[in-house]
Amino acid sequence: MALIVTAAELEARRAVARGSLAALAGGLRIEIAPLLDSPVEVPREKALLSRRGGRCAVDGELLHFDPWDPRHLCPRCGREYAGGLHDRFRLYWYQMWLAERVLHAALLGVLLDDPACRQTAAQLLAQYADQYLRYPNADNVLGPSRPFFSTYLESIWLLQLALALDILESGVPSPELSTLGATVRDRLIAPSAQLIASYDEGMSNRQVWNNAALMAAARLLDDRVLFERVLTGPSGLYAHLGTALLSDGTWYEGENYHLFAHRGLWYGERLATTAGHELPPTLAQRYRDGFAAPFRSLLPDLTYPSRRDSQYAVSVRQLRFAASCELGLADHDDDRLVSMLARLYDPAIPRGETGRASSSADIERNGPPTGLRRTDLSWRTLLHARPSLPPLAMQPMRSDLLPAQGLGILRRRDGDVYVSLDYGHSGGGHGHPDRLNVTLMSGADRWFDDPGTGSYVDPSLHWYRSTLAHNAPLVDGHSQPRVRGALLAFEDDGAVGWISAKAELAPGLVVRRSLVVLEDYLIDEMHWESADTHVIALPVHGVVITGAYGVQPAPVPGGSGEEDGFAFLADEGRISLGARGVFTLRGEHPSGARLDGWGFAAPGDELWSATAPAPPGRAARLPMLLQQRRAAAGEFRFVWSWGGAVAGVERHGDTLVVSRTDGSVQRHARDASTWVVTGGEGQLNVRLGGHAKPFAGSERAQADREAAPARSSGGTRLHLMPIAFRLAETHYRRSEVTWQGAGAPQATVRVSRPTPGTVLVEVDVDASQRLFVPLSTENQLDNEPASINGDSVQLYAIAGERTAGLLLVPDGGAVSARPVDGWANDLHVDARWRPSAAGYHLEAMLHIGGGPAEFRLDVIVNDIVSGRARRRGQLVLSGAPGEFVYLRGDRNDPSRLLRFSLTNA
């Protein structure tokens, strides 16, 4: 059949594998030899995600993975770890590695006519077919899965095995192979595809891989209905290419997820095209642009900016990025990809360990940068890349604008200086609340950096997902809401560049940020306007104030929510500015590089200093400053100079006067639509405009979907008390099993008003093993409260201006309560419980007072049974048909709460 190449193309690659790419084929054959000489057994145990498993407890680094060495070693400090959590996490890497080796063996067996490779691939496929249904589909983190803990991981794994079977069947036919193919289809591909198809993740990068696996499975199973649905359905290949992949070729979740998602889209495009479904021209162009899109925002050290949920400082000098360039050039010329390959294949770059021998299919595992050659690449290059490349020539890295992504980049010195304003697309669930964030890098020196995200299962995740962790504005002490901004202007004449954008960070509050970048300094202006008074703050990371300023130790004022970030600060103090309107700042790197800064303060401004967590994997804390002002309108201005180019800065009204160390003076002024830079005779006289229209089309539609509030199951209906609700199938939020599969759990919720100032909520759980987990229990799995994975009740109430969000856990003769982050919990609640015949009864008395005319309520009952590590599901008062429990923790959107009358009791 040949899923991703036609039979004719596969036959033609035999000559390529023996000719121009023989060295690549030979290298892959050498690496797989140990597997051929000493056949291995497929794992018998399911992989497990936990907080400690697979990470160094000191450095936070992922532990080294060597498929032939089971030790757990930190690549940074050398510490060795042991234990079941590490062993179970290692299975994640090992399963992916082994599945990819099955594919390697199958491809090399066919292209090189190698019987040992074919036999090994067939043996491992037979083992997996025998083992697959023995893996438990339970305790998953993100969707149902048997070998793994998330559906998309099984999709990637299944895709490798499906392609391996297809390639074997495209080679030398035999009765044994025919029997194997039927067994693998029946016991592995069909049940795995059914499981994957049960969990649709919409416009997620993960769904890209679910689609690819389902397309491959559908073709092997000759299921044309499934193939058509995955190709053209609401979250299928065409939908991802037309909506999630934006008009500038970028994936809406940012570079990190672009790189992952586009590899999955490559499989989808190959599967569709080989099956006779050519992409529509518009989608095809967008897909082709996607090969080059992530390289457009590279930092001067050739790392990707750590925007959104990205790993920190990932170098482009890794195998998968060179492979992406090769695949992008396979069918189309693209000078951008040729230029990037010239950098990646630069013979002057020292060569190190490429990581190919331990690569884990298409799961990203970042390593140190290394020089690369075509001979280092993967099976995809062997099967698809051009037999020979065009001449490789580097092009300088220039300023760029990604309008659909919402990222403007101003570069100087052929890319050695990098300044960006991140203003646009919110990035969906992987986005950070950092609209109008600024990044500054000069050479290898990172000044204003984006820390990205560390481990998803560590509490530090809350810091990295806060506005405070970025160089972006905060409003009223809280992280920004999920919004996207709009571009106002972008222009660069080579000597001076300007970008200006705005975002509405609170109702009616519009914040505008403008950057003017010259060869060796920049001006940063942030302006806001609102009909209401707000506290506007701007954090600046990596710098300290200089000069004789008094510092009074005191906590930096801000929100108490976990993702407001203020709880992560230390060494806090308030800086006394006195009457001075100008203050100076400095950043220093161990390299000796220096950043000089000038800030401007108005009467009433406050300036705070603190230290904050460094980017993930970096041990030291970093200094930071926070300037804030309470006002309906105002502005902050900073001037930043790298390399000692600026001697001083003065402000005269709205004009900034910059005195340079070479004796020259430059003046900056702006009006509503332009920025004017003037100097002495023979110097600069620039007027910048460059207005841009906001995004439109499918990106606007996606924005509207993202901005829409969560649905309210309760709608607008006003309930009268007393009232009882029977929670059953339509209220069940499932994990791996359906409501029926979970034994049809049920509960009754009664809501009454014993007195005018109280509301009583009674919860009767019909059947429960009463597996209560004390609130003090440490969660070894993730950063949610451990009690979430035991029998418990989540209660959410709003009465007037007061709220309660609580996780209620029976604890001996009492009920322990844990406040839910993001809820004020100024509504007093008393709770008690007692066992019932087969379950338990819990009562919560809400002291609402006599003010409001109505209140709102939601109740969630966590469902758990023995033998599970994570909850099986939830019964949700506000309803949950078709919903899944994964990643929800104790969070609940206020818009879901049901309405109850307090005037007709």
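This one's a predicted model, so the numbers in the text were calculated from it and none came from an experiment.

Asker: Quick question: what am I supposed to make of the pairing of strand β12 (residues 521-541) here?
Answerer: Along any regular strand the residues' side chains alternate between the sheet's two faces. Most of β12 sits inside the fold, with 17 of its 21 residues counted as buried. Note that strand β8 (residues 474-475) and β12 share two bridges and pair antiparallel. Looking at β12, one finds that Leu474 is bridged to Ala537. Both strand β11 (residues 509-517) and β12 contribute to a ladder of eight bridges, which runs antiparallel. Bridging across to β12, Val510 finds its partner in Glu529. Sheet topology note: the β12/strand β19 (residues 622-642) ladder contains 17 bridges and is antiparallel. Looking across to β19, one finds that Ala537 is bridged to Gln628.

Asker: Please explain unusual backbone geometry as it appears in this structure.
Answerer: Only a minority of non-glycine residues have a phi that is not negative, and only a minority of peptide bonds are not trans. The omega torsion across Met721 and Pro722 is 0 degrees, close enough to zero to call that bond cis. On the secondary structure map, Pro722 appears in the loop between β25 (718-719) and β26 (723-727). In this model, Asp476 sits at a positive phi of 55 degrees, which is unusual for a non-glycine residue. For Arg770, which is not glycine, the phi torsion reads 55 degrees and is therefore positive. With respect to the secondary-structure elements, Arg770 resides in the loop between β29 (758-765) and β30 (792-799).

Asker: Would you take a moment to explain the packing of helix α2 (residues 22-37) against helix α4 (residues 115-131) for this structure?
Answerer: Helix-helix packing is described using two parameters, namely the angle between the two axes and the distance between the axes. Viewed as axis vectors pointing N to C, α2 and α4 meet at an angle of 55 degrees, and their least axial separation amounts to 11 Å. As the angle between them shows, α2 and α4 are arranged oblique. Here the hand of the crossing between α2 and α4 comes out left-handed. In this structure, α2 contributes Arg29, Ile32, Leu35 and Leu36 to the contact, and α4 contributes Ala116, Cys117, Thr120 and Leu124. Of the residues assigned to the contact of α2 with α4, the class counts are six nonpolar, one polar and one charged.

Asker: Help me out: how do you make sense of the sheet that holds β29 in this one?
Answerer: With respect to topology, five strands assemble into an open sheet ordered β26-β28-β29-β34-β33, the strand pairing being antiparallel. A strand with exactly one partner marks an edge of an open sheet, and here the two such strands are β26 and β33 (829-835). Averaged over neighbouring strand pairs, the angle between their axes works out to 15 degrees when direction is ignored. One ladder, built from eight bridges, connects β29 with strand β34 (residues 840-847); its direction is antiparallel. Paired with Val763 across the strands is Leu842, a residue of β34.

Asker: I keep staring at the packing of aromatic side chains and nothing clicks. Help me out?
Answerer: In this description, a pair of aromatic rings is defined by centroid distance and the angle of the planes. Here the structure, examined in full by the defined rule, presents 31 aromatic pairs. With centroids separated by 5.3 Å and ring planes inclined at 45 degrees, the aromatic side chains of Tyr796 and Trp823 adopt a geometry described as tilted. In this pair, Tyr796 is assigned in strand β30 and Trp823 in the loop between β32 (814-819) and β33, connecting sequence segments 27 residues apart. Since its relative accessible area comes to 13%, Trp823 is described here as buried. Taken together, the ring pairs connect Tyr152, Trp209, Phe260, Trp266, Tyr267 and Trp379 into an aromatic cluster. The ring centre of Trp93 lies 4.3 Å from the NZ or CZ of Arg365, which sits over that ring.

Asker: Before we go on, may I ask you to explain the side chain of Asp858 in this structure?
Answerer: By the secondary structure assignment, Asp858 is in strand β35 (residues 854-863). Buried and unpaired, Asp858 has Arg896 as its nearest opposite-charge partner, separated by 4.5 Å. A distance of 2.7 Å separates the side chain of Asp858 from the side chain of Ser878, its partner in a polar contact. Among residues more than four places away in sequence, those in contact with Asp858 are Gln794, Leu795, Tyr796, Val876, Leu877, Ser878, Asn892, Arg896 and Leu897.

Asker: I would appreciate a short explanation of the pattern of salt bridges in the present structure.
Answerer: Two side chains carrying opposite charge are able to pair once their charged atoms lie near each other. Inspection of every chain in the model, using the stated rule, returns 63 salt bridges. Close ionic contact of Arg307 with Asp422 constitutes a salt bridge, the shortest N to O distance being 2.9 Å. Separated by 115 residues along the polypeptide, Arg307 in the loop between α11 (281-292) and α12 (319-329) and Asp422 in strand β5 (residues 417-422) bring together distant segments of the chain. Judged by its relative accessible area of 4%, Arg307 falls in the buried class. Of the charged contacts in the structure, one is a salt bridge between Arg513 and Asp524, with a shortest N-O distance of 2.6 Å. Placement of Arg513 in strand β11 and of Asp524 in strand β12 is noted, with a sequence separation of eleven residues between them. Residues Arg513 and Asp524 agree in their burial class; the two are buried. Via salt bridges that share partners, Arg512, Glu525, Glu635, Arg637, Arg651 and Arg670 belong to a single interconnected network.

Asker: Would you take a moment to explain the environment of Ser787 for this structure?
Answerer: Looking at where Ser787 falls in the secondary structure, it is placed in the loop between β29 and β30. Classification of Ser787 by relative accessible area gives buried; the value is 2%. For the pair formed by Ser787 and Asn211, sequence separation is 576 residues and the distance between their alpha carbons is 35 Å. Leaving out residues up to four positions away in the same chain, Ser787 has contacts with Val773, Pro774, Leu775, Ser792, Leu807 and Val809.

Asker: Can you help me understand helix α3 (residues 84-111) in this one?
Answerer: Compared with an ideal rise of 1.5 Å per residue, which puts 28 residues at 40 Å, α3 spans 40 Å between its outermost C-alpha atoms and is within 8% of the ideal. At Tyr92, α3 shows its maximal kink, close to 25 degrees. Most of α3 is tucked away, with 24 of its 28 residues classed as buried. Asp113 sits one or two residues past α3 and shows a positive phi near 50 degrees.

Asker: Got a minute to help me understand the state of the cysteines in this structure?
Answerer: By definition, a disulfide links the sulfur atoms of two cysteines through a covalent bond. Counted under the stated rule, the structure contains zero disulfides. No disulfide involves Cys74; its nearest neighbouring cysteine sulfur is the one of Cys77, lying 3.6 Å away. Here Cys74 falls in the buried class, since its relative accessible area comes to 4%.

Asker: Looking at this structure, how should I read the packing of helix α5 (residues 151-169) against helix α7 (residues 205-220)?
Answerer: Contact geometry for α5 and α7: axes closest at 8 Å, N-to-C directions at 30 degrees. Taken as axis vectors, α5 and α7 run roughly parallel relative to one another. α5 and α7 meet at a crossing whose hand is left-handed. On the side of α5, the interface is formed by Thr151, Tyr152, Ser155, Ile156, Leu158, Leu159, Ala162, Asp166 and Glu169, while α7 contributes Arg206, Trp209, Asn210, Ala212, Ala213, Ala216 and Leu220. Counted by class, the contact of α5 with α7 contains ten nonpolar, three polar and three charged residues.

Procedures and definitions
Residues numbered from 1 in each chain as written. Predicted model: local features only at pLDDT ≥ 70, side-chain atom pairs only at ≥ 80, totals over all residues. Heavy atoms only, no water. Buried < 20%, exposed > 50% of the residue type's maximum accessible area, 1.4 Å probe, protein only. Helix = DSSP H or I, 4+ residues; strand = E, 2+ residues; numbered from the N terminus. Pairing = 2+ DSSP bridges. Axes fitted to C-alpha atoms, helices over the stretch in contact; angles between N-to-C directions. Parallel < 35°, antiparallel > 145°, perpendicular 65-115°, else oblique. Left-handed = near helix turned anticlockwise from the far one by under 90°. Contact = heavy atoms within 4.5 Å. Nonpolar A, V, L, I, M, F, W, Y, C, P; charged D, E, K, R; others polar. Phe/Tyr/Trp six-rings, centres within 6.5 Å; stacked < 30°, edge-to-face > 60°. Lys NZ or Arg CZ within 6 Å of the ring centre and 35° of its normal. Lys, Arg positive; Asp, Glu negative; His and termini not counted. Salt bridge = Lys/Arg side-chain N within 4 Å of Asp/Glu carboxyl O. Polar contact = N/O pair within 3.5 Å; in protein donor to acceptor, adjacent residues only side chain to side chain. Expected span 1.5 Å × (residues − 1). Bend = angle between axes of the 7 residues up to and from the residue. Disulfide = S-S within 2.5 Å.

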